[in-house]
Structures are given as C-alpha cells and as structure tokens.
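For reference, the chains in residue letters:
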Amino acid sequence: MAEKTWVRMVTAQTPTNIAVIKYWGKRDETLILPVNDSISVTLDPAHLCTITTVAVSPSFDQDRMWLNGKEISLSGGRYQNCLREIRARACEVEDKEKGIKIAKNDWEKLHVRVASYNNFPTAAGLASSAAGFACLVFALAKLMKAKEDNSELSAIARQGSGSACRSLFGGFVKWIMGKAEDGSDSLAVQLVDEKHWDELVIIIAVVSSRQKETSSTTGMRDSVETSLLLQHRAKEVVPKRIKQMEEAIKNRDFGSFAQLTCADSNQFHAVCLDTCPPIFYMNDTSHRQVKIISCVEKWNCSEGTPQVAYTFDAGPNAVLIAHNRKAATQLIQKLLFCFPPSSDADLNCYVIGDKSILKDAGIEDIKDVEALPPPPEIKDAQRSKGDVSYFICTKPGRGPDLLSDESLALLHPETGLPK
Ligand code: ADE
C-alpha cells in the first residue's frame, strides 16, 4: 500500500477592482510595466470575488490548476512568472500536528495544485484575471510562508495581470508605475481603506458574457505603437489627474471624483479610437452606453452637483458609482426604467448583490418596474428589454482574506484533487 503522505493547503478570497484612473499601455510587456499610474476602487468581495485553494504535497508530480472546475495549463509565461517569483520567496514551514516539515530549499522541488473559482462570469469583462492572479499570489505566499507584505506581493501579481496588483488591497488603491527597469518599484499602495468612503454605492450593468473581440494585451500594444493621444495622456494628463483624484478621495469630494472618473473613462475610449486600427470597445452596444452616459450627464447637470459617476473598461459593461444611497435609489429606478427585465424574468436574478437598494427604491416585483416613471433627463425615453443581462449592486470592499473554514476549500484535503 502506498505510504500515507501529507497535503498542506491554504484557501484565500480576493476582490476584483475597477479603475477610476485607467491603466492603458505597457512600457514593458513581459514584466507588465505601465506607462502611467492608475487608481481603482476595490469591489465588495461579498458580491464579486475569486476564491483560490493552493496545495502542496510530496505526492504531487507536477504543478496543476483548475479554473471554475476545468483543468487549465500553467505553462503560460504569466503563471510561470508568478510561480517562480513566489517560490523564490518561500520560507521554512513546520506543522508538527500534521507531521509537515518543509525546508526553504525544498520548495523548488515540490509541486503545487491550484483550484480557483470566480463567483461571477469569467468572460463578462469584470476583471476576473485581476482577482484571479491576486488570489493566486496571495494564497501561494501564505502557503509558502513568504514574509513579503501586500505591496511587495502586488509587484508579483502584476506579472500575472497588470490590474491584479490593485486587488491586493481594499478601499481605494494606487498602482505606482515605477521607474526601475526590473519593475521592482511598480507596485500597489492603499490610499484609504473601504471604511473611509463607505456611503458610495456601485451598480454594474453587465451587458453580455461574450468574450471581448480585442484582447487588452493586443489593444494596449497597438495603442502604445500608434496613438499620439496615449503619449499625451500618459505624460501630461494622468500625472495631474492622479494628484486631483487622490485629493478628491481623501476629502470625499464626490463632485471632483465624478468629474475625474467620467473624464478619464472617456479619454481611455478616445485613446482606443485614436489607435490604428481603431478599437471600438463600446461599438456593439453603443446605444446602451450613449443612453447611460447621456442620462448620467443630464442628471448630474440638472442637480447642479454630480450624483453619479460612470466608467467603462475594455468591454461593454457600465460601472456606475453613486454618491450615496439616495442617489443609488434614484439611479436604479432610472436604470430599470430604461433596461427592464423581460416579463418572465425573476427580478431576484436580474438585480443581484445588495438588494436593499431595490427595497429602498420601492421595487419588489416586475409590476413595480413596469410602473416606474420615465427619467425626466431623457427625452422620449425608450424601454429596451434584453439589453442588460443583469445588474450587480455593490460597494467599496476589503482586500484579500485567508479563509480558515476548511469546508470552503476547493481541493480535497487528502487527495489534493478538486472537490
Ligand atoms: N483568469 C480568470 N480568472 C482567473 C482565476 N481565478 N485565476 C487565475 N486566472 C484567471
């Protein structure tokens, strides 16, 4: 009979994030070094997160990974870079109870298994690789008892997916582009934690779970090579905006925050259009974007002070950040008027996350949605069913967590295979 051997396992949860000052363009493609700083808000992991279990055992004969239940290859450069960098920082691990003793030098011979699960559609353009690589690096660091802090780990996660570095913290996070050629100073720092500005409400209109047509990597490369606007943005515009955005966040100045967020999203899409060949991230759903953008712009204008900020990433989903619950209540009413669920849909599945916003808005079922008045900002407002797959109501959230409850592990504690 085979000798019984040990399996050491760690499970972690990591949030996703949305940039309010965008990252677009690399100055080094292998190390993933950006051409400008960026700032993001971390989304509440209760609604959007990755859970990853990592395991090590002398019985494992190769590194293996399962993503959302399907085995995927770890041979890609991005995974290999993260694994190599974390292994280089591994320390001695001893667990007398389980009879585990791993010397520092043993780690290079031992193999790991990884199982990861995103609690939202991986292809929906909701920065799943950001949460994914942050979680992978964080969990491996804990498995191997690496001593690095989250900023140092962020510089490793960055080598898996640029925006992953910002998912190592909660609240508002800055990715400092850095100057060093080896990328050692290109890392994330927390600006404020999630409690600093907790009245904000974030509503995401998920438009489709179709894979986007232009990958961010290809799009960024084309923009860096061909867009003069990108050069101007990186050198002149973003450095000033970063300072203004840091001030706005520190002072909870929603007017400035919204103005900067919307302007930066619009400039990012302008850079995409300025690219040769042009990139149309908003193309196939442009009527929806135009409707959302013009509704928010007109509403903000009519109130005299911004109530909501919008931001669009490299995909068709709209992310709307409301100043407070009152603004969020009005926003969900306007959104549900414009983009109602189909008549046979379950409202519970159409608006997910923090459902208390719906309750505040007095919307309990489809009949309440049908009775909503048209937003006064939109002339002849049309209702278009089927344009939005679903809405997620969320808020700024915390950073990575270790999950000590073993029942949450995605790998079997004895076999090290997916549960
Ligand atoms: N890409 C998308 N989701 C991921 C995950 N959870 N882990 C690693 N890479 C990913």
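Structure first, text after, so check above.
Here goes a summary of the coordinates provided. Along every chain, residues carry numbers that run from 1 in the direction the sequence is written. Given that the model is predicted, a residue must reach a pLDDT of at least 70 before its local features are reported, and side-chain atom pairs must reach 80 or more before they are shown or counted; all residues, however, enter totals for whole chains, interfaces and linings. Computation of side-chain values covers all heavy atoms of the structure but excludes hydrogens and water.

### A closer look at the site of the ligand
For this description, a residue counts as near a given molecule or strand if any of its non-hydrogen atoms is within 4 Å of it. Every residue near the ligand is listed here: T50, M65, L67, Y79, S116, N118, T122, S128, S129 and G132. Pairs of N or O atoms are called polar contacts if they sit within 3.5 Å, as long as, within protein, a hydrogen donor faces a hydrogen acceptor (for residues adjacent in sequence, only side-chain-to-side-chain pairs). One of the side-chain nitrogen or oxygen atoms of S116 is found 2.7 Å away from a nitrogen atom of the ligand. One of the side-chain N or O atoms of N118 is found 2.9 Å from a nitrogen atom in the ligand. Its free accessible area being 260 Å², the ligand has 93% of it covered by the protein chains. Numbering of helices and strands runs from the N terminus, with a helix taken as a DSSP run of H or I at least four residues long and a strand as a DSSP run of E at least two residues long. Only strand 7 (64-67), strand 11 (111-118) and helix 2 (128-143) provide two or more residues apiece to the shell around the ligand. Partitioned by chemical class, the residues of the shell around the ligand number 3 nonpolar, 7 polar and no charged. A 1.4 Å probe and the Shrake-Rupley method give the accessible areas. Residues count as covered only by the protein chains that appear here. Amino acids outside the nonpolar list (Ala, Val, Leu, Ile, Met, Phe, Trp, Tyr, Cys, Pro) and the charged list (Asp, Glu, Lys, Arg) are all regarded as polar, and Gly is one of them.

### Some points on the pairing of strand 16 (residues 318-322)
Relative accessibility thresholds used throughout: buried, under 20% of the residue-type maximum; exposed, over 50%; partly exposed, between the two (1.4 Å probe, protein chains only). Of all 5 residues in strand 16, 5 are buried; the element is thus mostly enclosed. In strand 16, alternate side chains face the same way, and those of A318, L320 and A322 on one face and V319 and I321 on the other are all buried. As defined by bridge partners, strand 14 (residues 201-206) adjoins strand 16 across 5 bridges and the pair is classed as antiparallel. Within strand 16, the position partnered with I204 by the bridge is V319. Pairing of strand 15 (residues 308-312) with strand 16, which is carried by 5 bridges, proceeds in the antiparallel orientation. Within strand 16, the position partnered with A309 by the bridge is I321. A pair of strands is treated as paired once DSSP finds two or more bridges between them. Here strand 15 folds back onto strand 16 in antiparallel fashion, the turn holding 5 residues.

### Description of the sheet that holds strand 2 (residues 17-21)
Pairing in this open sheet of 4 strands is antiparallel, and the strands run 2-5-12-13 from one edge to the other. The sheet is open, and its two borders are formed by strand 2 and strand 13 (187-192), each paired with just one other strand. Pairwise comparison of adjacent strand axes, ignoring direction, gives a mean angle of 35° for this sheet. Seen against the sheet, helix 6 (residues 254-273) touches strand 2 and strand 12 (172-176) and runs at an angle of roughly 95° to strand 2. Here the axes come from fitting lines to C-alpha atoms, over the contacting stretch only for helices, and the angles between their N-to-C directions go from 0 to 180 degrees. Here, two residues are considered to be in contact whenever any of their heavy atoms come within 4.5 Å of each other.

### Concerning the packing of aromatic side chains
Each pair of aromatic rings taken from Phe, Tyr and Trp, with Trp reduced to its six-membered ring, is defined by centres within 6.5 Å and is described as stacked if the planes are under 30 degrees apart, edge-to-face if over 60, and tilted in the remaining cases. If you walk through the whole model with that rule in mind, you get 12 aromatic pairs. Summarising the aromatic geometry, the rings of F172 and F257 are spaced 5.9 Å apart at their centres and angled 85° between planes, so their arrangement reads as edge-to-face. You can see F172 sitting in strand 12 and its partner F257 sitting in helix 6, a full 85 residues away along the chain. Each member of the pair, F172 as well as F257, is classed as buried. Throughout this description, the term charge over a ring refers to an Arg CZ or Lys NZ atom that lies within 6 Å of the ring centre and within 35 degrees of the ring normal. Between K334 and the ring centre of W299, over which it is positioned, the NZ or CZ distance is 4.6 Å.

Take it as geometry only, folks, not as evidence of what the structure does.
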